[in-house]
Amino acid sequence: MSVLAPALLGFLGLIPVIILIYLIRAQRRREPVSSVLLWRNLVQDLEMRTRFRRPPITLLLLLQLLAVVIGTLALARPFWETTAPPARQLVLVVDASASMNATDVQPNRLAEAKARAREAAASAGADTAIAVVRAGPRATLEVATRDSGAAIAAIDAIQPSDGAADMRTAWLLAGSVAAARPEIPATVVLFSDGSFLGPLPSIPASLAIVPIGNGSDNQAIVQVGVRRPPAGSARPDAFVRVANYASEPVERRVRAFGDGLSFDEQTVRLGARATTDLVFEPPVGTRVFAVQLVGGDVLRADDRAEAVLPQSGEREVLLVSTAPEVMRRALRAIPQLTVREVAPDLYRDSGSAALVVFDGYLPPALPPAPLLIVNPPVGSWIASARIGRPGYAIGIDPESAVVAGVDLAAVEFGRVAQLVVPSWAAPVVTGPDGPLILEGERDGRRVVVLGFEPAASNLPKMVAFPALIANAVDWVLAGPDGAAPAGTTIRLPGGVRGDLVGPEGRRVESAALALTADTDIAGLYQLRRLGADPLTLFAINVADERESDVAPRQPAVGQPIRPFSLPALGVEGEPVGIEFWPYLAGGLLLLLVVEWLVYTRRGST
Amino acid sequence: MTSPAPNLRLSQNLDSGRTMLGDETFLRSLEQLAILVRRVTRPGLNGEHRGLTRSNSAEFADYRPYAPGDDFRRIDWNLYGRVGALFVRLSEAREDVAIHVLLDTSRSMDFGRPNKLAYAKRLVAALSYIALSRLDQVSVGALTYDVVDRAGPLRGKDRVHRLLGFLDSLSARGTTDLNTALRRYADTGQPHGVAIVVSDLLSPSGFRAGIERLRAARMEAVVLQVLAPQELAPAVAGDVELVDRETGEIVEVTLTEAVVNEYQRRLREWTAENERICADLGVSFHQMSSATAIETVVVTELRSRRILV
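Every value quoted in this text rests on a predicted model; they were computed, and no experiment measured them.

A.B. asks: Please explain the nonpolar core as it appears in this structure.
C.D. replies: All names here are of chain B. Counting 47 residues, the largest nonpolar core has Leu123, Leu167, Leu224 and Val298 as its most contacted members. Among the elements that make up this core, the one with the highest residue count is helix 3 (residues 116–133) (twelve residues). Among all residues touching Val298, those that are not within four sequence positions of it are Phe26, Leu30, Leu33, Leu123, Ala126, Ile130, Arg303 and Leu308.

Below, the structure is given as structure tokens:
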């Protein structure tokens, strides 16, 4: 309950006045008697010897006090918050992408956008339903409320990111909020610098865009990559692309770091809106390569980039097979891989192997490590039957890393199994009788299934076989080495538990099985156990040319955009609410009648 | 039996400011009554008041044998002629009784609804009318802290108008001191008869000494206490300042039910004390409310108390 005229509650001050009157009246009311002979010292404790005393609690006094309270409440015009539908909807979409961290407006674009969004929320009336959508690497509905205070709090809580905004999803989310109650007119207001991919789809609401930002003076490292040392070299290569998005040429120094120590510095001259590529050679043994633009511009997040070099060191492969010769040869050809063999009947899951290869055998329970399943036994959960005729590849997934650079055209697959494609797997190579090779992720680890017996085909005699096995091993063992753009969902190694620590030591929320992690902030991420070396390292960079190109742009939207002005959203008329002062006034009249009756009755007795 | 006095005011409104007696029926019933006198009579003029002793008045009552020393003017010679023995004629005494009606006119009597003083005046008028009807000698005194006014002695019903006029002229004034006022009245040289004191007895010094002084002056006394209904049963009225009409003294009190109950307990004790004093002195006592009809008090209550016969 609220009141429209709180100042009139001051009439409650009449309560002490009435009590004072009663006190005075009680002091001065005299009753003549023939003699006080029998009244003297009658009841000592009931005599009123003090000048100021408690007023007599009479029905009349209580009625008068109640009348003051009711009358004052009526004057203050109380009302209940209405539960009637809102008169309008206001959806505020705040761009929280990397470019919104630009400091061309003070303190930065996101702060400016939040300030403008706060103004809009504060100017909305009580009859307006407000929703706040954060357009970061993931679009989230922060709040949907009729309380402008709650909306402002949600706006204040919006955090920046170093990734590109998923504006399309945010836009659709805003549209779905508006479409949820089509009978209520909705306005979607976007607070953004326009640095996102368009065009935005049409949504059932009137649109307004508040442009944020006015500068373009920014240089960025838009790409960084490292690769393993080429044959004959111990030093890896690091590739860096630097871009200038300003309209004037600039000269910037680029400093390179290996595990935090500067080892090289180059000066680049960049033309207006031009790029250049640089190559660095990190020292041998470097784990993390970083590059930094020296000096400042309007967006600092894209002035630095990092990359994690491919991890070196021996990894153990457990080969479970009754006839391991073919697979042993292929596996031993892969560098930094140690092969341990065990017969199926002696197989126990020790958990130490980085990769387990089941050749012609499948245990009842699969280990948590990545798997390469070769020639699964018929009748297992993956193979239903044996096909009598040899197979050959008629369909190959060109996007699959497992078959990248592998020529399977001349391969004749012998003793092919009829594979049952699980929901978590996808065919990579398909033959006339069904899939021949599958890949997928199950329970947090990658699995590749070769649905044929290599020894019964001509594949082992071809160069494609070790390439295929090497690709499969690389794919199932692949971690998030290298670098990825901010906002990317990173897949973490299966079967490994630990704390995911982000830039500046911040703990990062990750999925329950530590499979994926959200990476809104650029920097180096570590999956680690307490007191141990990092299990996994990966780098997150801005690495998005649209975000680094901070020049404000007009978003492309598939419907008209009207100018946005705060007064259009201002409060119109009285606040929404059900006033009930007339009922109080009626009650007051009734009370006065009762009071009069009590008064006259008392006076007559 | 004589007819009622003509031109008597018959209105029964006690608050009219004039003293009234009542209607004709009430007057006739008063004429049937007499004030009971137990022992005190005055020799001299024979009134119609029937005494408790035989006398030698003209109204024959009996004979007794002659004894030496008897007044032989009382010898019945006709009887001697018939029976040959001397007998003395005896007659029933018709005694002349002085009735003193003493009315408390202090300011404490000017209180209550119905007003105590107006009520008491009417009671005095009724008692005086009874006495005048019996050819008794009636005196009326107004008492406060002294005898402030008086009327009489009066005799005969034709004096009732003067009596009523006197009562009308009385107003409440002064403080109450019954002991002093009764002593002064007893000392005025009329030490005989019946003294009927009509008062609320709200005298700080009491009334015992005054009654004793009357008794010492060979007067028979009757005490009639008049209280207002508001004094007998005060209302619960919350916080009040009770102001004494005579002294102006103020008592602050919260008139709750408990306090009123305590007051009534104290009133009962006071009344019992007054009754005990009167009993000790051989004096009749009767308490009445000014709300009780005069007719009821006179015809029923005073007769049942053997104050009137």
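A.B. asks: What's the story with the side chain of B:Arg266 in this structure? I'm lost.
C.D. replies: In this fold, B:Arg266 is placed in helix 8 (residues 257–280). An unpaired buried charge is present at B:Arg266: no salt bridge exists, and B:Glu262, the closest side chain of opposite charge, is 4.7 Å distant. At a separation of 3.1 Å, a polar atom in the side chain of B:Arg266 contacts the main-chain carbonyl oxygen of A:Leu38.

A.B. asks: Even after reading the chapter, I still don't get the packing of helix 3 of chain B against helix 9 (residues 294–304) of chain B, so can you show me in this structure?
C.D. replies: Packed helix pairs are specified by the crossing angle of their axes together with the interaxial distance, meaning the distance between the axes. Residues and elements named next belong to chain B. Here helix 3 crosses helix 9 at 50°, and the two axes come no closer than 10 Å. Relative to helix 9, the element helix 3 is oriented oblique. Note that helix 3 runs across helix 9; the crossing there is right-handed. Contacts between helix 3 and helix 9 pair Tyr119, Arg122, Leu123, Ala126, Leu127 and Ile130 from the former with Ile294, Glu295, Val297, Val298 and Leu302 from the latter. Class assignment of the residues belonging to the contact of helix 3 with helix 9 gives a composition of nine nonpolar, no polar and two charged.

A.B. asks: When you look at the pattern of salt bridges in this model, what are you seeing that I'm missing?
C.D. replies: Between side chains of opposite charge, a pair can form when the charged atoms approach closely. For the structure on display, the rule yields 29 salt bridges over all chains. Two residues, A:Arg446 and A:Glu441, come together in a salt bridge whose shortest N-O distance is 3.3 Å. On the accessibility criterion, A:Arg446 (15% relative accessible area) is buried. Of the charged contacts in the structure, one is a salt bridge between B:Arg208 and B:Glu212, with a shortest N-O distance of 3.1 Å. Of this pair, B:Arg208 and B:Glu212 both sit in helix 6 (residues 208–216), four residues apart, which is roughly one turn of that helix. With a relative accessible area of 36%, B:Glu212 lands in the partly exposed category. Three or more residues are tied together by salt bridges with common partners; here these are B:Arg208, B:Glu212, B:Glu273, B:Arg276 and B:Asp280.

A.B. asks: When you look at the confidence of the model for chain A in this model, what are you seeing that I'm missing?
C.D. replies: If pLDDT is low for a region, its predicted coordinates should not be looked at in detail. All names here are of chain A. The pLDDT averaged across chain A works out to 82; a share of 85% of its residues lies at or above 70. Looking at the elements of chain A, mean pLDDT is at its lowest for strand 29 (residues 516–517), recorded as 58, and at its highest for strand 19 (residues 371–374), recorded as 94. Contacts from residues 45–51, a stretch scored under 50 in pLDDT, to residues over four places away or in other chains number 14 contacts. Under a pLDDT of 50 for its full length, residues 567–575 has, in the predicted model, 16 contacts with residues more than four places off or in other chains.

A.B. asks: How do you make sense of the packing of aromatic side chains when you look at a structure like this?
C.D. replies: Aromatic rings in a pair are described by how distant their centres are and how their planes are angled relative to each other. Overall, the coordinates contain nine aromatic pairs over all chains when judged by the stated rule. Geometrically, the ring pair formed by A:Phe280 and A:Phe289 is tilted, given 6.0 Å between the ring centres and 40° between the ring planes. Classification of A:Phe280 as buried rests on a relative accessible area of 1%. Ring centres of B:Trp77 and B:Tyr80 lie 5.9 Å apart, and the angle between their planes is 80°; on these two criteria the pair is classed as edge-to-face. Here B:Trp77 and its partner B:Tyr80 are both found in helix 2 (residues 77–83), three residues apart, which amounts to about one turn of the helix. The class for B:Tyr80 is partly exposed, based on a relative accessible area of 38%. The ring of A:Phe257 has A:Arg304 lying over it, and the distance from NZ or CZ to the ring centre is 5.5 Å.

A.B. asks: What is the right way to look at the pairing of strand 31 (residues 536–541) of chain A in this model?
C.D. replies: Residues and elements named next belong to chain A. The element strand 31 is largely enclosed, with a buried count of six among its six residues. Every second residue of strand 31 is oriented toward a common face, with Thr536, Phe538 and Ile540 on one face and Leu537, Ala539 and Asn541 on the other, all of them buried. Bridge count for strand 26 (residues 483–485) against strand 31 is three bridges, and the pairing is parallel. Counted as the bridge partner of Pro485 is Asn541 from strand 31.

A.B. asks: Help me understand the confidence of the model for chain B, please; the structure alone is not making it clear to me.
C.D. replies: When pLDDT is averaged along chain B, the result is 78; 81% of the residues meet or exceed 70. Here residues 1–16 of chain B scores under 50 on pLDDT; set against residues more than four positions off or in separate chains, the count is 48 contacts.

A.B. asks: Would you mind going over helix 1 (residues 24–31) of chain B with me for this structure?
C.D. replies: Count 3.6 residues to each turn of an α-helix, and residues three or four apart come out pointing the same way. Residue and element names in this part refer to chain B. Along helix 1, the positions that sit buried rather than exposed are Phe26, Leu27, Leu30 and Glu31. All buried residues of helix 1 lie within an arc of 140° about the axis, which places them on one face of the element. Looking at the buried residues of helix 1, the elements they touch are helix 3 and helix 9.

How each quantity is defined
- Residues numbered from 1 in each chain as written.
- Chains lettered and ligands numbered in written order.
- Predicted model: local features only at pLDDT ≥ 70, side-chain atom pairs only at ≥ 80, totals over all residues.
- Heavy atoms only, no water.
- Core = buried A, V, L, I, M, F, W, Y, C linked by side-chain atoms within 4.5 Å.
- Buried < 20%, exposed > 50% of the residue type's maximum accessible area, 1.4 Å probe, protein only.
- Helix = DSSP H or I, 4+ residues; strand = E, 2+ residues; numbered from the N terminus.
- Contact = heavy atoms within 4.5 Å.
- Lys, Arg positive; Asp, Glu negative; His and termini not counted.
- Salt bridge = Lys/Arg side-chain N within 4 Å of Asp/Glu carboxyl O.
- Polar contact = N/O pair within 3.5 Å; in protein donor to acceptor, adjacent residues only side chain to side chain.
- Axes fitted to C-alpha atoms, helices over the stretch in contact; angles between N-to-C directions.
- Parallel < 35°, antiparallel > 145°, perpendicular 65-115°, else oblique.
- Left-handed = near helix turned anticlockwise from the far one by under 90°.
- Nonpolar A, V, L, I, M, F, W, Y, C, P; charged D, E, K, R; others polar.
- pLDDT = per-residue confidence, 0-100.
- Phe/Tyr/Trp six-rings, centres within 6.5 Å; stacked < 30°, edge-to-face > 60°.
- Lys NZ or Arg CZ within 6 Å of the ring centre and 35° of its normal.
- Pairing = 2+ DSSP bridges.
- Arc of directions from axis to C-beta.

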